[in-house]
Amino acid sequence: SLPAKLINGGIAGLIGVTCVFPIDLAKTRLQNQQNGQRMYTSMSDCLVKTIRSEGYFGMYRGAAVNLTLVTPEKAIKLAANDFFRHHLSKDGKKLTLLREMLAGCGAGTCQVIVTTPMEMLKIQLQDAGRIAAQKKLMAAQAQLSSSSAVGAAKPAVETRTTAMQITRELLRSKGIAGLYKGLGATLLRDVPFSIVYFPLFANLNKLGQKDPNVKAPFYVSFLSGCVAGSTAAVAVNPCDVIKTRLQSLQRGVNEDTYSGILDCTRKIWQKEGPMAFLKGAYCRALVIAPLFGIAQVVYFIGIAEFLLDMLPKHRA
């Protein structure tokens with residue numbers, strides 16, 4: 001049933017995000033730093049420096065936004081894919097690869113309704129620590145160089161903003177369109193991701209089915225979700241880098257600003273080289289693999305069906 005699909009998708013998203021959010025934070029910070037302003041050399045370096053400067057919970061900056069919106073986002077994605085697969089199938093026959101890709105395309109298109117504002121807010125909160133650390137470093141260097149001067153300026157203290165403050169400011173200044181900045185780049189990332197992910201997962205999962213009418217074992221669904229998720233994540237990472245840069249409202253010192261997808265692509269290619277489009281790719285693979293592995297296990301086990309079945313008994 002649709003309610004069961006929505007609940008399953010929501011539970012899957014909550015569990016998955018909680019497990020992998022620190023890696024996602026490292027991915028955002030690595031993708032946003034530009035040449036000449038590198039604060040972190042790798043994922044582990046980013047996480048260690050984040051803990052030192054912001055504490056353990058600094059790794060979960062922006063998690064509240066993700067945990068709030070990931071339930072509808074995952075629910076829409078998984079339920080929409082099932083909906084399109086059902087309507088594209090003819091008399092219950094096996095879907096062709098093209099139809100599987102079309103179903104994934106439909107799912108990816110539907111999910112951006114929630115994904116774009118979620119990513120927009122999450123990126124501001126995740127990257128705030130990097131920008132603050134960069135400003136402190138620049139201020140400290142300036143202070144050292146002018147240590148002989150009287151009354152040298154002290155490093156500025158970071159003022160933490162919340163998702164609600166960012167939302168109110170965007171709605172006040174730009175209206176609802178402010179929350180959908182980077183919509184085109186989000187579509188560029190999520191539609192190809194779903195086109196690759198869902199058919200790949202479905203076909204990998206079928207390999208573990210002994211009978212077409214029996215579900216594959218949970219470990220097969222988990223491994224299929226991990227492999228399909230990491231493959232699709234790396235494939236669309238260039239689009240994710242562009243999306244992250246476009247959705248960042250604040251920039252570090254001497255960092256570029258972008259007017260659109262083409263301008264962002266051109267500047268990254270010219271100033272940072274083609275390898276810049278793979279920034280954070282391994283982080284993204286590490287995030288997406290368990291996230292979708294867990295999501296598919298929860299979805300295919302059907303926790304919601306169990307909960308919904310228990311309700312009438314409990315009432316009785």
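Note that the structure is a prediction, hence the values are computed from the model and not measured.

## Considering the overall build of the chain
If you tally the helices and strands in the chain, you get 11 helices and zero strands. Helices and strands appear in the chain in the N-to-C order α-α-α-α-α-α-α-α-α-α-α. A separation threshold of at least 6 residues defines the contact pool for the chain, and within that pool the share at least 24 residues apart is 80%. By element, 67% of the accessible surface of the chain is carried by carbon and sulfur atoms, the whole surface being about 15,700 Å².

## Re the environment of cysteine 226
Topologically, cysteine 226 is positioned in helix H7 (residues 218–235). The class of cysteine 226 is buried, set by a relative accessible area of 14%.

## Considering the pattern of salt bridges
Counted according to the given criterion, the structure contains 21 salt bridges. The partner of arginine 61 in a salt bridge is glutamate 54, and the shortest N-O contact between them spans 3.0 Å. The partner of lysine 206 in a salt bridge is glutamate 100, with the nearest N and O atoms 3.9 Å apart. Of this pair, lysine 206 sits in helix H6 (residues 183–207) while glutamate 100 sits in helix H4 (residues 97–145); the two residues are 106 residues apart in sequence, bridging distant segments of the chain. Look at lysine 206 and you get partly exposed, because its relative accessible area is 32%. For glutamate 100, a relative accessible area of 1% corresponds to the buried category.

## Observations concerning the packing of aromatic side chains
Geometry of an aromatic ring pair is reported as the spacing of the ring centres plus the angle between the planes. Inspection of every chain in the model, using the stated rule, returns eight aromatic pairs. Ring geometry for phenylalanine 83 versus phenylalanine 84: centroids 5.5 Å apart, planes at 75 degrees, classification edge-to-face. Judged by its relative accessible area of 46%, phenylalanine 83 is partly exposed. By relative accessible area, which is 25% here, phenylalanine 84 ends up partly exposed. An aromatic cluster of three or more residues is present, and its members are Phe21, Tyr56, Phe57 and Tyr60.

## Here's the deal with the nonpolar core
Counting 39 residues, the largest nonpolar core has Met43, Phe193 and Tyr197 as its most contacted members. For this core, the element with the highest residue contribution is helix H1 (residues 2–32), accounting for six residues. Beyond its immediate stretch of four places on either side in the chain, tyrosine 197 contacts Gly225, Ala228, Gly229, Ala232, Phe292 and Gln296. Core analysis: the next-biggest nonpolar cluster, separate from the first, contains nine residues, Val241, Ile242, Tyr258 and Ile268 among them.

## What to know about helix H9 (residues 261–272)
Given a rise of 1.5 Å per residue, 12 residues ought to cover 16 Å, and the 16 Å separating the end C-alpha atoms of H9 matches this to within 8%. Of the surrounding elements, those touching the buried residues of H9 are helix H8 (237–247). Immediately downstream of H9, the backbone of glycine 273 shows phi near 85 degrees, a positive value.

## Examining the side chain of threonine 28
The topology assignment puts threonine 28 in helix H1. Not counting chain neighbours up to four residues away, the residues in contact with threonine 28 comprise Ile123, Gln126, Asp127 and Thr244.

## Considering the environment of phenylalanine 292
Within the secondary structure, phenylalanine 292 is located in helix H10 (residues 281–301). Placed 62 residues apart in sequence, phenylalanine 292 and serine 230 show a C-alpha to C-alpha distance of 8.8 Å. Ignoring anything within four residues of it in the chain, the contact list for phenylalanine 292 reads Lys74, Lys77, Phe193, Tyr197 and Gly225.

## Side note on the packing of helix H3 (residues 63–88) against H6
Packing of H3 against H6 brings their axes to within 12 Å, and their N-to-C directions diverge by 70 degrees. On the basis of the axis angle, H3 is roughly perpendicular to H6. Only Phe193, Ser194, Phe198 and Ala202 of H6 make contact with H3, whose side of the interface consists of Lys77, Leu78, Asn81 and Arg85. For the contact of H3 with H6, the class distribution of residues is four nonpolar, two polar and two charged.

## Here's the deal with the side chain of glutamate 119
Tracing the backbone through its elements, the reader meets glutamate 119 in helix H4. Classification of glutamate 119 by relative accessible area gives buried; the value is 7%. Of the polar contacts made by the side chain of glutamate 119, one reaches the side chain of lysine 122; its length is 3.2 Å. If near-sequence neighbours (up to four positions away) are discounted, glutamate 119 is found in contact with Arg189, Lys243 and Gln247.

## Re H8
Most of H8 sits out of view: nine of its 11 residues are buried. Turning to H8, its buried residues are Asn237, Asp240, Val241, Ile242, Lys243, Thr244, Arg245, Leu246 and Gln247.

Criteria and cut-off values
- Residues numbered from 1 in each chain as written.
- Predicted model: local features only at pLDDT ≥ 70, side-chain atom pairs only at ≥ 80, totals over all residues.
- Heavy atoms only, no water.
- Helix = DSSP H or I, 4+ residues; strand = E, 2+ residues; numbered from the N terminus.
- Contact = heavy atoms within 4.5 Å.
- Areas by Shrake-Rupley, 256 points an atom, 1.4 Å probe, with all protein chains shown as cover.
- Buried < 20%, exposed > 50% of the residue type's maximum accessible area, 1.4 Å probe, protein only.
- Salt bridge = Lys/Arg side-chain N within 4 Å of Asp/Glu carboxyl O.
- Phe/Tyr/Trp six-rings, centres within 6.5 Å; stacked < 30°, edge-to-face > 60°.
- Core = buried A, V, L, I, M, F, W, Y, C linked by side-chain atoms within 4.5 Å.
- Expected span 1.5 Å × (residues − 1).
- Axes fitted to C-alpha atoms, helices over the stretch in contact; angles between N-to-C directions.
- Parallel < 35°, antiparallel > 145°, perpendicular 65-115°, else oblique.
- Nonpolar A, V, L, I, M, F, W, Y, C, P; charged D, E, K, R; others polar.
- Polar contact = N/O pair within 3.5 Å; in protein donor to acceptor, adjacent residues only side chain to side chain.

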